[in-house]
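# Overview (structure and organization)
Here is how the chains run, residue by residue.
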Amino acid sequence: GFAGTFSAGTPVVLMHGNRVAPGIWIEESDGVHLENVTIHHAPGMAVVGQLSRDVSLHGVRVVPSGERLFSSWVDGIHLVDCDGTTRIENCEVRGQFDDAVNVHGNFSKVVAVHDPRHLRIRTIHPQRFGRNAATAGTGLAVYRHTTMEHLLVTRVTACRELNQEFCDIRLADPVPENAGALIVSRHNPENSVHIRGCTFGANRGRGCLLNIEHHVVVEDCRFHVSGHAIESVPDANYWWEGPPVLDLAIRNNHFDHCGFGPCGTTLIKAGPEFPDGSDPRAGALREATGSTKHLPASDYAVLGSITITGNTITHTAGEVFDICKVANLVVSDNRITPH
């Protein structure tokens, strides 16, 4: 019985069933600056930002207090479809039950082509319901679903939401004829993400998830996370978090004993997740290590440029790199110590 399971005084973790209460919520805002803020506990994500512009976090700490075993139930910092310049600098994120930082856009599925400039799109993952990224005036990228081939960049001229899942959009340019199944995402490639001088400590999830078309730099950070330290896996299959990163620089970081938990053993993982018929409503998330196993025959390079240079890597549980379908990859001057 229960009495024989744990002895008196044994610490236990009681998990929240839902993401019921984020610590800080940022929505449709411009010029948000958080500085020297400490969050010890959140039953949801610690910091959430959606559809905002120029968001900066300086000296933000998401850390357990006292004898707590965890800080936030899910991600420490989670930013979705944010434009302009995103800065996450000199922050500390540890003890959370999921990823330290997740900066991403969203793929929506084209479910009807009323005419080449008039589409109906659907938000697939239920956690994204009610937040359509294809707002009037924004750029929009159109991809072939099966290969993530980039077909068109255009602009949304009008948007009419039908409900939390579906909306009709009008485009400045026509989508290609006979292109097959299509997906779309918000497109603002002049934007940038800067993650500098941060510490990402022991957690259940991964370090930095980066699935957005921006220019992204991760530098001078320290990682000691239980899963992939850095992951760039645009997903048109399960979570539908994308699009592919335009260019990603990973430099002068220290990766210290990562990949020891349930969320992937590879240190740096990059490559697309293509459709395999999985339903996001059915069952728990698959283990992240299977995310690039369903590769189509196409040689199309989905991700842009990735540069990995000047990093110190001290033991990782699995492979150091698992990278595929990248247009330009540079790996140089990294110091790797097996143990």
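How each quantity is defined
- Residues numbered from 1 in each chain as written.
- Predicted model: local features only at pLDDT ≥ 70, side-chain atom pairs only at ≥ 80, totals over all residues.
- Heavy atoms only, no water.
- Salt bridge = Lys/Arg side-chain N within 4 Å of Asp/Glu carboxyl O.
- Helix = DSSP H or I, 4+ residues; strand = E, 2+ residues; numbered from the N terminus.
- Buried < 20%, exposed > 50% of the residue type's maximum accessible area, 1.4 Å probe, protein only.
- Pairing = 2+ DSSP bridges.
- Phe/Tyr/Trp six-rings, centres within 6.5 Å; stacked < 30°, edge-to-face > 60°.
- Contact = heavy atoms within 4.5 Å.
- Axes fitted to C-alpha atoms, helices over the stretch in contact; angles between N-to-C directions.
- Core = buried A, V, L, I, M, F, W, Y, C linked by side-chain atoms within 4.5 Å.

## A closer look at the pattern of salt bridges
Tallied over the entire structure, the rule returns 18 salt bridges. Between D99 and R206 there is a salt bridge; the shortest N-O distance is 2.9 Å. One end of the pair, D99, is in the loop between β9 (92-93) and β10 (101-104); the other, R206, is in the loop between β18 (199-200) and β19 (208-211), and 107 residues separate them in sequence. In this pair, the class of D99 matches that of R206, namely buried. Each of the salt bridges in this network shares a partner with another, and the network as a whole consists of R87, E89, R196, E219 and R251.

## A short note on the sheet that holds strand β3 (residues 38-39)
Across the sheet, which stays open at both edges, the eight strands sit in the order β3-β6-β9-β18-β21-β24-β27-β30 with parallel pairing between neighbours. Two strands bound the open sheet, and with one partner strand each, they are β3 and β30 (335-337). Relative to strand β24 (residues 254-258), strand β21 (residues 222-223) is paired through two bridges, and the arrangement is parallel. Residue pairing in the sheet places F223 in a bridge with F255 of β24.

## Digging into the packing of aromatic side chains
Tallied over the full model, the rule gives five aromatic pairs. For the pair F107 and Y143, a centre-to-centre distance of 5.5 Å together with 85 degrees between the ring planes defines the contact as edge-to-face. Here F107, found in the loop between β10 and β11 (108-115), pairs with Y143, found in strand β13 (residues 139-144); they are 36 residues apart in sequence, far enough to count as distant. In this structure Y143 comes out as buried when scored by relative accessible area, which is 3%. An aromatic cluster of at least three residues, connected via ring pairs, comprises F70, W73 and F97.

## Notes on the environment of N188
Its location among the elements puts N188 in the loop between β16 (182-186) and β17 (192-196). The spacing of N188 and F255 is 67 residues in sequence and 30 Å in space, taken between C-alpha atoms. Once you skip the residues sitting within four places of it in the chain, N188 turns out to touch D83, T138, G139, E213 and H214.

## Examining the pairing of strand β26 (residues 303-309)
Here strand β23 (residues 247-251) runs beside β26; their pairing, made up of five bridges, is parallel. Pairing of R251 across the sheet is with T309, part of β26.

## Comments concerning the sheet that holds β17
To summarise the sheet geometry, strands pair through backbone hydrogen bonds and adopt either a parallel or an antiparallel arrangement. Taking strand neighbours across the sheet as the criterion, the eight strands line up as β2-β5-β8-β17-β20-β23-β26-β29 in an open arrangement whose pairing is parallel. Pairing within the sheet leaves two strands with one partner each, and these edge strands are β2 (30-35) and β29 (326-332). Between one strand and the next, the sheet's axes are offset by a mean angle of 5 degrees, whatever the strand orientation.

## A word on the pairing of β23
In terms of strand pairing, strand β20 (residues 215-219) meets β23 through five bridges, oriented parallel. Along β23, the bridge assignment pairs V216 with L248.

## Quick word on the nonpolar core
Grouped together as the largest cluster of nonpolar side chains are 57 residues, with contacts concentrated most on I195, F200 and F223. When residues no more than four places from it in sequence are discounted, the contact partners of F223 are F200, G207, C208, V218, A229, I230, N253, H254, F255, D256 and C258. Counting 15 residues, the second-largest nonpolar core is a separate cluster that includes A134, L152, L171 and A179.

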